[in-house]
Amino acid sequence: MKILRSLLFVPGSRPDRFEKALAAGADLICIDLEDAVLPENKVEARQAVIDFITQGNHNICVRINPLSTPLGVDDFNALAQVNPAFIMLAKCSNQQEIEQAEHILATTRTNSSNGLNDTKLIGLIETIEGLENAKHIAQGKRVSALMFGGADMSAELRCDFTYDALLFVRSQLVVAAASANVDMIDVPHIHLKDTEGLLDETRKVRALGYTAKAAIHPNQVNIIHQAFMPNEQQIAFAQDVMKAVNGPDVGAVVVNGRMVDRPIILASQRILQLVEAAS
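About the cut-offs
- Residues numbered from 1 in each chain as written.
- Predicted model: local features only at pLDDT ≥ 70, side-chain atom pairs only at ≥ 80, totals over all residues.
- Heavy atoms only, no water.
- 1 Å grid on protein atoms, 1.4 Å probe; cavity = no way out; pocket = protein on both sides within 12 Å on 5 of 7 lines; lining within 4 Å.
- Points joined across faces, edges and corners; volume = space filled by probe spheres on them.
- Helix = DSSP H or I, 4+ residues; strand = E, 2+ residues; numbered from the N terminus.
- Nonpolar A, V, L, I, M, F, W, Y, C, P; charged D, E, K, R; others polar.
- Salt bridge = Lys/Arg side-chain N within 4 Å of Asp/Glu carboxyl O.
- Buried < 20%, exposed > 50% of the residue type's maximum accessible area, 1.4 Å probe, protein only.
- Core = buried A, V, L, I, M, F, W, Y, C linked by side-chain atoms within 4.5 Å.
- Patch = residues over 30% accessible without salt bridge, like charges linked within 9 Å, V, L, I, M, F, W, Y side chains within 5 Å.
- Areas by Shrake-Rupley, 256 points an atom, 1.4 Å probe, with all protein chains shown as cover.
- Polar contact = N/O pair within 3.5 Å; in protein donor to acceptor, adjacent residues only side chain to side chain.
- Pairing = 2+ DSSP bridges.
- Axes fitted to C-alpha atoms, helices over the stretch in contact; angles between N-to-C directions.
- Contact = heavy atoms within 4.5 Å.
- Parallel < 35°, antiparallel > 145°, perpendicular 65-115°, else oblique.
- Left-handed = near helix turned anticlockwise from the far one by under 90°.
- Expected span 1.5 Å × (residues − 1).
- Right-handed = clockwise from strand over helix to strand, strands pointing away.

**Examining the layout of surface pockets**
Then step 1. A volume near 910 Å³ is recorded for the largest pocket.
Then step 2. Taken together, 35 residues form the lining of the largest pocket, with D183, G209, T211, L266 and R270 sitting closest to its centre.
Then step 3. Secondary structure elements with two or more residues in the lining of the largest pocket: β6 (143-148), α8 (167-180), β7 (183-186), α9 (195-208), α11 (232-244) and α12 (262-278).
Then step 4. With 10 residues, the top contributor of residues to the lining of the largest pocket is α12.
Then step 5. Across the lining of the largest pocket, the residue classes tally to 22 nonpolar, eight polar and five charged.
Then step 6. Roughly 470 Å³ of volume is contained in the second largest pocket.
Then step 7. Lining the second largest pocket are 25 residues, and of these F9, D32, R63, P188 and I216 lie nearest its centre.

Pasting the structure below:
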């Protein structure tokens, strides 16, 4: 899969929007079976998502209800059989949930050519328990990313749902994701018409170490991509670095009068990946 900068949510109860979401230009869409679906529509929405995947739309994410609930277990068991690219675990709280999910995936046969399941997991961290266990959650063999669930987290912490109030939490999650070398996705910006606010917040989380930001409307996708785009000076330096080295383990070299070693080389590689993703 290409580099992940944006994840666009679409309600599982609105199958008429699935194809439109795919066409919105996000790096990944996430069909939501949890908060976006009323209780009486949960089973119907799950079947709509399964039908969509079996039509050939495997390269998507599905957010299920918490695995700590019977509904979440039913969601996971059903989706494991159709092999979406990603399943997002809502209110992921501990390593045991990851192990439970990985066991189900490893023992479920699918309708793919080899019958095996290669679904990856995204742990949505939105509780205090999840935050405390984030580093262990990120270490799961199938975990490809963590995501920050800011609204629920702010309610648990009794703090404002703002960037400054949640900076401490965001920073802890960066450490957890980076320690496992997995992506870190930020919570959506909920003010749909506040494009400047979205651009500013995305630039802030990118500087903090987040690799992607979620969106709840197609109009937010291009703004997120713009915020993740390196500037011309960064691009030029990254190009010079990669011309001067054969890989990240060359030791220390001098590029344009600046000492460059493994961390700078890895950062330069990501900058050029972001440029390629924007092309």
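That shown, we press on.
**Here we look at the pattern of salt bridges**
Then step 1. Using the criterion set out here, one finds 12 salt bridges in the structure.
Then step 2. For R63, the salt bridge is made with D32, and the minimal N-O distance between the two is 2.7 Å. With R63 in strand β3 (residues 61-64) and D32 in strand β2 (residues 28-32), this pair connects stretches of sequence that are 31 residues apart. Side by side, R63 and D32 carry an identical accessibility label, which is buried.
Then step 3. K204 serves as the salt-bridge partner of D200, at 3.3 Å between the closest nitrogen and oxygen. Separated by four residues within a single helix, D200 and K204 lie in helix α9, roughly one turn from each other.
Then step 4. Given a relative accessible area of 40%, D200 falls into the partly exposed group.
Then step 5. In the salt-bridge network here, residues are joined through shared partners; they are D32, E34, D35, R63, K91 and D152.

**As for the nonpolar core**
Then step 1. The biggest cluster of nonpolar side chains holds 65 residues, and the ones touching the most others in it are F76, L79, L89, L146, F148 and L173.
Then step 2. Ranked by size, the runner-up nonpolar core spans 17 residues in total, among them L28, C61, M88 and A145.

**Concerning a nonpolar patch on the surface**
Then step 1. Together, F161, I190, L192 and I216 make up a nonpolar patch on the protein surface, roughly 330 Å² of accessible area in all.
Then step 2. The topology assignment puts F161 in the loop between α7 (150-157) and α8.
Then step 3. According to the relative accessible area criterion, F161 is partly exposed, its value standing at 32%.

**Considerations on the side chain of T119**
Then step 1. Tracing the sequence through the fold places T119 in the loop between α4 (95-107) and β5 (120-125).
Then step 2. A distance of 3.0 Å separates a polar atom in the side chain of T119 from a polar atom in the side chain of N83.

**Looking at the sheet that holds β6**
Then step 1. Spatial ordering of the closed barrel is given by β1-β2-β3-β4-β5-β6-β7-β8, a layout of eight strands whose pairing is parallel. Strand-to-strand twist in this sheet, taken as the mean axis angle between neighbours without regard to direction, amounts to 25°.
Then step 2. Its contacts with the sheet put α8 on β5, β6 and β7, and the angle it makes with β6 is roughly 175°.

**A short note on the packing of α11 against α12**
Then step 1. Interhelical geometry of α11 versus α12 gives an angle of 120° and a closest axis separation of 9 Å. If you check the angle between α11 and α12, you find them oblique. Judged by the sense of rotation from one axis to the other, the crossing of α11 with α12 is left-handed. Where α11 approaches α12, its residues Q234, I235, F237, A238, Q239, V241 and M242 are matched on the opposing element by I264, I265, S268, Q269, I271, L272 and V275.

**Focus on the environment of I50**
Then step 1. You can see I50 is positioned in helix α2 (residues 42-54).
Then step 2. Note: C-alpha distance between I50 and Q233 (183 residues apart in sequence) is 45 Å.
Then step 3. Apart from the residues within four sequence positions on either side, I50 is in contact with A78, L79 and V82.

**With respect to α12**
Then step 1. Its 17 residues place the ends of α12 25 Å apart at the C-alpha level, agreeing with the 24 Å of an ideal helix rising 1.5 Å per residue.
Then step 2. Listed in full, the buried residues belonging to α12 are I265, S268, I271, L274 and A277.
Then step 3. The secondary structure elements touched by the buried residues of α12 are α9, α10 (221-228), α11 and β10 (258-260).

**Examining the pairing of β3**
Then step 1. Because side chains alternate across β3, one face comprises the buried residues C61 and R63, and the other comprises V62 and I64, equally buried.
Then step 2. Sheet topology places β2 next to β3; three bridges connect them, and they run parallel. Residue pairing across strands places C30 opposite C61, the latter belonging to β3.
Then step 3. Between the parallel pair β2 and β3, the chain is carried across by α2, and the sense of this crossover is right-handed.
Then step 4. Pairing of β3 with strand β4 (residues 86-89) involves four bridges; the strand directions are parallel. Paired with C61 across the two strands is F86, which belongs to β4.
Then step 5. Running through helix α3 (residues 70-80), the crossover from β3 to the neighbouring parallel element β4 is right-handed.

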